[in-house]
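Each chain, letter by letter, is given below.
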Amino acid sequence: MNFDAFWQTHRRFILGLAGGVVTFFIILAITGNGAKEDFKRGKSSISSTRRKMKANDMYGATSVTILNERLDSLRSRNAELGLMSLPPFRARFQIPSGTPAAQHYITLTGELRDELIGWALRRNCEVDDSLGLPPVSPSQPQQIERILHGLDVVERVVRLAVGTGAAEVEKIRISQKRRRQGGRNASPLDMTPVTLEIVFHRVSATPFLRQLAAEQEGGNPLGLIALEVLPRNEKRMEQRILLEFGVGVMPLITVEEDLQ
């Protein structure tokens, strides 16, 4: 066979085939180097992670037991401080287990309106008949619980005011909006503001203020946030006191948060 004639006939095919082979080996060399680099980086990362894990593996069984005991102690102290600083929620204002929240809310608020307002009227004190409750009954259990906690404080303050000679308890409001204070040293509590105004006619407000202070200092706090004694109205012979309380609960801490 004449090689020159073969070359002339198939030259274009042979050159194309040779170019493809060269291109294949170039691509193979490039990808092979990249894979090797990726393998080296992955191997180095695994080795680094293993070294860090060994360096941090410093807590034995005894250390873990001690740390868990310390955590339990801190949790107990946290709950103790919460009881000292937050208004206690009496059983009557808590939603009983197995009882629908909405049903308990309607029953309790109806009973309390009749009981508390009637009791105050017999002692010549007019109480805001809303008791600070929203015009439309809440339906969500968490919202109901917050309002009932506020109502617990309202009931205690009304009885305190009536018992010290108040003539009126006005403008009661249990806010449905949570208040969270910002700032670096802010409290983690979500507070529900409870506000009201107490009016004393022809009698001193001092006994009420003393009783209020005694409640706060006697281990049965009301969560008092703000108190303002307005100037006495000599013409009407009355003294008005504006009060704001904060109802809150200690935040629930998950295991993940404990470990952070």
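Residues numbered from 1 in each chain as written. Predicted model: local features only at pLDDT ≥ 70, side-chain atom pairs only at ≥ 80, totals over all residues. Heavy atoms only, no water.

S.K.: What exactly am I supposed to notice about the pairing of strand 5 (residues 238-247) here?
M.R.: Residues in a regular strand project their side chains so that they alternate between the two faces of the sheet. Of all ten residues in strand 5, nine are buried; the element is thus mostly enclosed. Bridge count for strand 3 (residues 192-201) against strand 5 is ten bridges, and the pairing is antiparallel. If you follow Pro-193 over to strand 5, its bridge partner there is Gly-246. Bridge count for strand 4 (residues 224-229) against strand 5 is five bridges, and the pairing is antiparallel. (Buried < 20%, exposed > 50% of the residue type's maximum accessible area, 1.4 Å probe, protein only. Helix = DSSP H or I, 4+ residues; strand = E, 2+ residues; numbered from the N terminus. Pairing = 2+ DSSP bridges.)

S.K.: Whenever I open this one, unusual backbone geometry confuses me. Can you help?
M.R.: The phi angle of most residues is negative, glycine excepted, and most peptide bonds adopt the trans form. We note that Asn-124 has phi near 60 degrees; this positive angle belongs to a residue other than glycine. As for its position among the elements, Asn-124 is in the loop between helix 3 (101-121) and strand 1 (126-127). Taking the relative accessible area as the measure of exposure, Asn-124 reaches 68% and is therefore exposed.

S.K.: What should I look at first to understand the sheet that holds strand 5 in this one?
M.R.: To summarise the sheet geometry, strands pair through backbone hydrogen bonds and adopt either a parallel or an antiparallel arrangement. Strand order in the open sheet formed by five strands is 1-2-3-5-4, and the pairing between neighbours is mixed. The outermost strands of the open sheet, each flanked by one partner alone, are strand 1 and strand 4. Of the pairings in the sheet, the one linking strand 2 (residues 168-174) to strand 3 comprises five bridges and is antiparallel in character. Considered in strand 3, the bridge of Glu-170 is made with Glu-197. Seen against the sheet, helix 4 (residues 141-163) touches strand 1, strand 2, strand 3 and strand 5 and runs at an angle of roughly 165 degrees to strand 2. (Contact = heavy atoms within 4.5 Å. Axes fitted to C-alpha atoms, helices over the stretch in contact; angles between N-to-C directions.)

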